[in-house]
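Residue-level structural notes
The chain contents come next:
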Amino acid sequence: MSAAQTAAHPGAAGSVLGRIPSWLAVPAALGALVLVLPFIALLARLDWTGVPAAITSPAALQALTLSLSTASIATVVCVILGVPLALVIARSPQWLAAILRTLTTLPLVLPPLVGGIALLSLLGRGGIFGGALSAAGIQIPFTTVAVVIAQVFVALPFLVISAEGALRTAGTGHELVAASLGAGRFTVFRRVTLPLVAPGLVAGTVLCFARALGEFGATALFAGNAPGVTRTMPLAIYTAFNGAGVQEDTAIALSLLLIMVAVAVLLLMRGWRADAVR
Amino acid sequence: MSLDVDIRARVGTFTLEAAIAAAPGEVLAVLGPNGSGKSTLLGAIAGHLDHVGRQAEVSGRIALGDRMLDRSVPPERRRVGLLGQHTTLFPHLTALDNVAFGPRAQGTPRNEAAAIARRHLGDVGLGDLADRRPAQLSGGQRQRVALARALAAAPDALLLDEPFAALDVQTSAQARRLVSELRDRVSVPMVLVTHDPMDAVMLAARTVVLQEGRVVQEGSTRDVLGHPDSAFVAAIAGVNLVAGVAEREGVLHAAAPTASSLSTTWIGRGDRLQRGESGTAVFSPGAVRVHAGPIAASEGVGAAPNTWTGTVAHLEPIPGGVRLFTVEHPDIAVDSSSMAAVDAGIRPEAVLNFSVPEDDVSVRRSR
């Protein structure tokens, strides 16, 4: 093995970064700072004495409970709808897959506010289905159901994109062999396809849950900000922040709570993936 | 139960028209270059030609015993086993569960399926590795598990798609031996697609050659490899193939392959060609004798059958000697022992005379 090849391996003689141009470390460090500094600043500004009271206040717990439950329901809905959608995209002819993929990605690149307006146009009082729904005595906007719908709308793309990528990487070789062994389509799906893409699917589900948990824009427009009904953590933080001046510390404390939940979810995923099938 | 296939399959712009048959306990080798339709043939038999948005049309008949495998029979009801180059073991299942997959999928109760799987794993000599995941097995072990898995599903026919190509020399020899034992033990027809003439020699009594979607040669493996009709098979069988037309009874005349070379004539055993009939002459590189040259054409070399003159273009080492190619006849390989090479003065740009004994040349009429 030549010296150049040896150096390419991290941990070997030379830099741990291997053969990356050394000046690239500067933008890399700046990038990391951009991501981390705001959180450090947030922690620095935190009034730690007020934290316990702020995050255990009935209003905060109510918001947290609502957030966790709506995000969980939204995630379940996303898995039920998203996995089949990902499967269809992954197994479609190229042109159809390209169209479906673009449509799926749309909510990902649009501001969630636009999503909220779109959902109102569909299900709101003056919306396309709104009239029929209110005639049937069903009102969706400004209810907890609206919160879940808004979360599904913004989080579904994360799940579909991850699952579809995993499905396409896995290919169809295993499925063909499974069929040749006598397994019908559903057996192949359940015993071969799903286990093969499980790691990608779990990653997608976690991202999906995290996105649903942080959802603000579409929820604010489509579901409103009613305590206990539609005021999720992000809305509670916004409300506290915009409240009568003194509430800013509460907003920061609630942010800390949301960050902790998100970090816990990400760590949980890492733990799961560590002993996942590779 | 025998496999009898006579189909026309179209995938995109490619058309395959082929008829093959394999008896129970017989291995039929299918040789052919890339793109010759080998995979299309197997896909049509296995029933997955039109998966993943690919448009495919299959007409004709595929009979497995008294069952007709037409379009209405999905892959899972064909009872056609697959063994590919990539083992595609299910990575999330143990070796035992991989082998038990077929019986389980076909509705066998769990304990019974496990017992079947254990027996098949034992048959391939892996009884003690039942609890290993595929990632914990070597390439050869994985291929054996894949074989056990295919057999545990009790297929009526087995399709082997270059099953030894990804294995190293020693492992592939073991795997071949396993398949040959299997052939004698399990009485199902097997179709073996391969690039390697060794597979055909060791496993298949009969061989079919596919080229551009057509069967260009079929017969006993001995005949097909002994006297190939195509440059492709000649190359993989390691023999020289010269095509031409009989200039008089029994003498094949081959046109000069390059501007700088002379035409050649060939006599040998085999078919006695009539004047005007086209045919091929086949001989092994090792049968060629090398003489120090040059001898002028007027002295008869080049004009006499089975002789030619050439300038050494390049040399390759072979066990025990060298293989050389000439500028004038670039398609003819000549093997020489090291001793003979020294005696004849073989080196680049040397001009040498070559001859092949009549008994070592096989002449055949073209179809």
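Predicted model only: the values in this text are computed from it and were never measured. (Residues numbered from 1 in each chain as written. Chains lettered and ligands numbered in written order. Predicted model: local features only at pLDDT ≥ 70, side-chain atom pairs only at ≥ 80, totals over all residues.)

**Observations regarding the overall build of chain A**
- Helix and strand counts for chain A stand at 13 helices and zero strands.
- The order of α-helices and β-strands along chain A, N terminus first, is α-α-α-α-α-α-α-α-α-α-α-α-α.
- With 278 residues in all, chain A has 35% of them scored as buried. (Helix = DSSP H or I, 4+ residues; strand = E, 2+ residues; numbered from the N terminus. Buried ≥ 20, exposed ≤ 12 C-beta atoms within 10 Å, placed from the backbone.)

**Some remarks on the overall build of chain B**
- Counting its regular elements, chain B contains nine helices and 21 strands.
- The principal-axis extent of the C-alpha atoms belonging to chain B is close to 85 × 45 × 35 Å.
- Counted over contacts in chain B with a minimum sequence separation of 6, partners at least 24 positions apart contribute 65%. (Contact = placed C-beta atoms within 7 Å.)

**Examining the pairing of strand 2 (residues 14-22) of chain B**
Residue and element names in this part refer to chain B.
- Relative to strand 2, strand 1 (residues 3-11) runs antiparallel, the two sharing nine bridges. Of the residues in strand 2, the one forming a bridge with aspartate 6 is alanine 19.
- Here strand 1 folds back onto strand 2 in antiparallel fashion, the turn holding two residues, of which glycine 12 has a positive phi close to 60°. (Pairing = 2+ DSSP bridges.)

**Observations concerning the sheet that holds strand 21 (residues 362-365) of chain B**
All names here are of chain B.
- Ordered by their spatial adjacency, six strands build an open sheet running 13-12-11-15-21-14, and the pairing between neighbours is mixed. A single partner strand is all that each edge strand has here, and the edge strands are strand 13 (264-266) and strand 14 (269-270).
- Pairing between strand 11 (residues 240-248) and strand 12 (residues 251-254): three bridges, direction antiparallel. Within the sheet, the bridge partner assigned to alanine 246 lies in strand 12 and is leucine 252.

**Brief notes about the sheet that holds strand 18 (residues 321-326) of chain B**
Residue and element names in this part refer to chain B.
- Strand order in the open sheet formed by five strands is 16-20-17-18-19, and the pairing between neighbours is antiparallel. Two strands bound the open sheet, and with one partner strand each, they are strand 16 (289-292) and strand 19 (334-337). Averaged over all pairs of adjacent strands, the angle between strand axes in this sheet comes to 50°, irrespective of strand direction.
- When strand 16 meets strand 20 (residues 351-355), the two strands line up antiparallel, connected through four bridges. When the sheet's bridge partners are listed, arginine 289 is paired in strand 20 with serine 355. (Axes fitted to C-alpha atoms, helices over the stretch in contact; angles between N-to-C directions.)

**Focus on the nonpolar core**
All names here are of chain B.
- Val191 and Leu192 are the most contacted members of the largest nonpolar core, which totals 165 residues.
- Here this core gathers at least three residues from each of two domains, domain 1 (3-226) and domain 2 (241-365).
- In this structure valine 191 touches Ile20, Ala22, Leu28, Val30, Leu42, Leu159 and Leu160, once residues within four positions along its chain are discounted. (Core = buried A, V, L, I, M, F, W, Y, C linked by C-beta atoms within 7 Å. Domains from an automatic or database assignment.)

**A closer look at the interface of chain B and chain A**
- Facing the 21 residues of chain B at the interface are 20 residues of chain A.
- For the side of chain B that touches chain A, the elements supplying multiple residues, two or more each, are strand 6 (80-83) and helix 2 (95-105) of chain B.
- Its residues assigned to classes, the side of chain B that touches chain A shows ten nonpolar, nine polar and two charged. (Nonpolar A, V, L, I, M, F, W, Y, C, P; charged D, E, K, R; others polar.)

**A word on the confidence of the model for chain A**
- Mean pLDDT over chain A stands at 85; residues scoring 70 or higher make up 89%.
- Confidence over residues 1-14 of chain A falls short of pLDDT 50; this stretch has 14 contacts with residues more than four positions distant or in other chains. (pLDDT = per-residue confidence, 0-100.)

**Points about the domain arrangement of chain B**
- We note that the domain assignment places domain 1 (3-226) and domain 2 (241-365) within chain B.
- Placing a centre on the C-alpha atoms of domain 1 of chain B and another on those of domain 2 of chain B gives a separation of 40 Å.

**Quick word on the confidence of the model for chain B**
Residue and element names in this part refer to chain B.
- Summing up the model confidence of chain B, the mean pLDDT is 88 and the portion of residues at 70 or higher is 96%.
- Mean pLDDT values for the elements of chain B range from 85 in helix 8 (residues 231-237) up to 95 in helix 2.
- With pTM at 0.78, the complex prediction returns an ipTM value of 0.79.

**Some words on helix 1 (residues 38-46) of chain B**
Residues and elements named next belong to chain B.
- With eight of its nine residues buried, helix 1 lies for the most part within the structure.
- Buried within helix 1 we find Lys38, Thr40, Leu41, Leu42, Gly43, Ala44, Ile45 and Ala46.
- Immediately beyond the C-terminal end of helix 1, within one or two residues, lies glycine 47, with a positive phi of roughly 90°.

**Observations concerning the packing of helix 2 of chain B against helix 4 (residues 139-152) of chain B**
All names here are of chain B.
- Running from N to C, helix 2 and helix 4 point in directions that differ by 25°, and their axes come no closer than 7 Å. In terms of orientation, helix 2 and helix 4 fall into the roughly parallel class. Classified by chirality, the crossing of helix 4 by helix 2 is right-handed. The segment helix 2 lies against helix 4, with Ala95, Asn98, Val99, Ala100, Phe101, Gly102 and Pro103 engaging Val145, Ala148, Arg149 and Ala152.
- The residue inventory of the contact of helix 2 with helix 4, partitioned by class, reads eight nonpolar, two polar and one charged. (Parallel < 35°, antiparallel > 145°, perpendicular 65-115°, else oblique. Left-handed = near helix turned anticlockwise from the far one by under 90°.)

**A short note on the pairing of strand 10 (residues 214-220) of chain B**
All names here are of chain B.
- Relative to strand 10, strand 9 (residues 206-211) is paired through six bridges, and the arrangement is antiparallel. Along strand 10, the bridge assignment pairs arginine 206 with serine 220.
- Two successive antiparallel strands, strand 9 and strand 10, enclose a turn made up of two residues, where glutamate 212 displays a positive phi of approximately 50°.

**Structural notes on helix 8 (residues 144-170) of chain A**
Residue and element names in this part refer to chain A.
- For helix 8, which comprises 27 residues, the first-to-last C-alpha distance of 38 Å matches the rise-based estimate of 39 Å (1.5 Å per residue) to within 8%.
- The sharpest bend along helix 8 measures roughly 40° and falls at alanine 155, with the proline proline 157 sitting one to four residues further on.
- The element helix 8 is largely enclosed, with a buried count of 21 among its 27 residues.
- Just downstream of helix 8, glycine 171 is the residue with a positive phi angle, here 70°. (Expected span 1.5 Å × (residues − 1). Bend = angle between axes of the 7 residues up to and from the residue.)

**Focus: the environment of Pro103(B)**
Residues and elements named next belong to chain B.
- Assignment of secondary structure puts proline 103 in helix 2.
- Owing to 23 C-beta atoms within 10 Å, proline 103 belongs among the buried residues under this scheme.
- In this structure the C-alpha to C-alpha distance between proline 103 and alanine 113, which are ten residues apart in sequence, comes to 5.4 Å.
- Among residues more than four places away in sequence, those in contact with proline 103 are Thr108, Ala113, Ile116, Ala152 and Ala153.

**Here's the deal with the packing of helix 4 (residues 58-91) of chain A against helix 10 (residues 185-214) of chain A**
All names here are of chain A.
- Where helix 4 contacts helix 10, the axes come no closer than 9 Å and their chain directions differ by 140°. Between helix 4 and helix 10, the angle falls in the class oblique. As helix 4 packs across helix 10, the resulting crossing turns out to be right-handed. In this structure, helix 4 uses Ser67, Ala71, Ala74, Thr75, Cys78, Val79 and Val83 to contact helix 10, whose residues at the interface are Leu201, Thr205, Cys208, Phe209, Ala212 and Leu213.
- A per-class count over the contact of helix 4 with helix 10 returns ten nonpolar, three polar and no charged.

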